[in-house]
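As a plain string of letters, each chain reads:
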Amino acid sequence: MTPHRQDALMAVAAFAVGVVLLVAGAYDHSKGVPIQLFLVPLAVTCVGVVIRRRRPVTAFVIGVAALAADAAMGLSLGTAVVFTDNIYAATLYGPRRLMTVLLRITPLWVLAAGVAAGLQTQSWAWGTVMGFQVGLITVMPVTSAAIVRNLRDNARQAALMAEYDRRAAITAERNRMARELHDMVANHFSAIAIQSSAVLSRTDLDARSVRQIMESIRENSVQGMGEMRGMIGLLRAEGPDEALRPSLAEVDDLVKRTGVTAVVDVQGTPRDLPPAVDLAGYRIVQESLTNALKHGAAPVSVAIDYRPDELVLTIHNPVSDRPRDLPGARAGLIGMRERATLLGGTFEAGPCERGWRVTATLST
């Protein structure tokens, strides 16, 4: 059932209850107004119930007019009760400015009604009773609607913030996956491209050298496919994250697969690192070797320093005269810096007196 249909049925029920109250004598008989005339303001307030959601301000205006006409005839209980819904709907569904105005003026209505009744009857007790009754049909519905409206708005705000958090989490996860895919693809495919280009461009290689290069190409292809399959399996929730995560302890194998001439110097006592630090350290070394393979010259120096509270990685290589504006240029540097920053570490990369140096410090 639609909300508008519910409002229409509510209006019919309210009119029926008002008629029953009139028949039962719940109206002021002192002015001798025929009972049939009280049906007019009652019907008008019920029309306000029908349009309470679509035209809350209109419902409030005609409700006030109907209540004033009803009071002029002597006031009936049915019209007063239905009016409480008119003012409630205006506060709940109308403009927020109207809600603020009603919260301020309804107490004044109560005070004015109480004082007027007290002066007219020369009885402040009766004035108090009248003020209380006016408060029941004005202050109470306005206050109740304001509370409901604030709760509704807070719920919407919470839902909106939850949606923003969800989108931020999705963006962060996409960035993480982009870093992983870049590091995997760039390393393996760069090694494959450079090694295959060497085989094709050089005619002085003997069969043994060619075989070694082709074996390295095959190993990079298999390793790249394996890591890609692990990433896809993780995204499909088919395998644990540990199956995807390489370790800094595998740097020697990484150097071998890359095909670059490198010297690995491990300082301090190697130990188990937190998974995030271990993966970040591996990817930083991997990307640095890839950059050295594309832009640098041999030999590459890789220093891994296990300190008590941090891990320091230093990768240095001479720089060749090959062009640096290649597809994906600087994406690797951005990814390495993001990895270090996310772990509360530092990252520096740039030219030095003997080539190019990358230094990353990761807290452990």
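Below is a short write-up of the structure. Keep in mind the model is a prediction, meaning the values are calculated, not measured.

A few words on the overall build of the protein chain. Along its length, the protein chain carries 12 helices and 5 strands. Taking 21 Å as the expected radius of gyration for a compact globule of 364 residues, we find that the protein chain reaches 40 Å, considerably beyond that expectation. Principal-axis analysis of the C-alpha atoms places the extent of the protein chain at approximately 120 × 40 × 35 Å. Across the 364 residues that make up the protein chain, the buried fraction comes to 38%. Within the protein chain, contacts between residues at least 6 apart in sequence are counted, and of these 72% link residues at least 24 apart. In the protein chain, 37 side chains carry a positive charge and 33 a negative one; their mean positions are 10 Å apart.

Right, let's talk about the packing of helix 1 (residues 3-23) against helix 2 (residues 39-50) for a bit. Relative to each other, helix 1 and helix 2 sit at 160°, their axes nearing to 8 Å. Between helix 1 and helix 2, the angle is such that the two are roughly antiparallel. In the packing of helix 1 onto helix 2, the handedness of the crossing is right-handed. Of the residues in helix 2, those in contact with D7, A8, M10, A11, A14, F15, G18, V19 and L22 of helix 1 are L39, L42, A43, C46, V49 and V50.

What follows covers helix 5 (residues 96-121). Taking 1.5 Å per residue, 26 residues should reach 38 Å; helix 5 reaches 38 Å between its end C-alpha atoms and fits that length. Most pronounced at I105, the bend in helix 5 amounts to some 25°, and the proline P107 follows within four residues. Buried within helix 5 are the following residues: L98, M99, L102, T106, V110, G114, A117 and G118. Looking one or two residues past helix 5, Q122 carries a phi angle of roughly 55°, positive in sign.

Quick look at the environment of K31 now. Counting through the fold element by element, K31 comes out in the loop between helix 1 and helix 2. A relative accessible area of 51% means that K31 is categorised as exposed. Taking the C-alpha atoms as reference points, K31 and A116, 85 residues apart in sequence, are found 19 Å from one another. Contacts of K31, omitting those with residues within four sequence positions, involve A71, A72, M73 and G74.

What counts, and at which threshold
- By convention here, each chain's residues receive numbers from 1 onward along its written sequence.
- Under the rules for a predicted model, residues below a pLDDT of 70 receive no local features and side-chain atom pairs below 80 are neither given nor counted, while totals for whole chains, interfaces and linings still include all residues.
- As a convention, hydrogens and water are excluded, and side-chain values are obtained from all of the structure's heavy atoms.
- The numbering of helices and of strands both runs from the N terminus, where a helix is a DSSP run of H or I of at least 4 residues and a strand a run of E of at least 2.
- All radius of gyration figures rest on C-alpha atoms, and the globule criterion is 2.2 Å times the number of residues raised to 0.38.
- For every residue, the accessible area obtained with a 1.4 Å probe (protein chains only) is divided by the maximum for its type, and the residue is called buried under 20%, exposed over 50%, and partly exposed between those limits.
- Contact definition: two residues touch when any of their heavy atoms are within 4.5 Å.
- The charge count treats Lys and Arg as positive and Asp and Glu as negative. His and the chain ends do not count.
- Where a charge lies is defined by one atom per residue type, namely NZ (Lys), CZ (Arg), CG (Asp) and CD (Glu).
- With axes taken as lines fitted to C-alpha atoms, and helix axes fitted only over the stretch in contact, angles between N-to-C directions fall between 0 and 180 degrees.
- Convention used here: angles under 35 degrees read as roughly parallel, angles over 145 as roughly antiparallel, angles from 65 to 115 as roughly perpendicular, and any remaining angle as oblique.
- Each crossing gets its handedness from the near helix: less than a right angle anticlockwise from the far helix is left-handed, clockwise is right-handed.
- What a helix is expected to span follows from its residue count: subtract one and scale by 1.5 Å.
- Bend at a residue means the angle formed by two fitted axes: the first through the 7 residues ending at that position, the second through the 7 residues beginning there.

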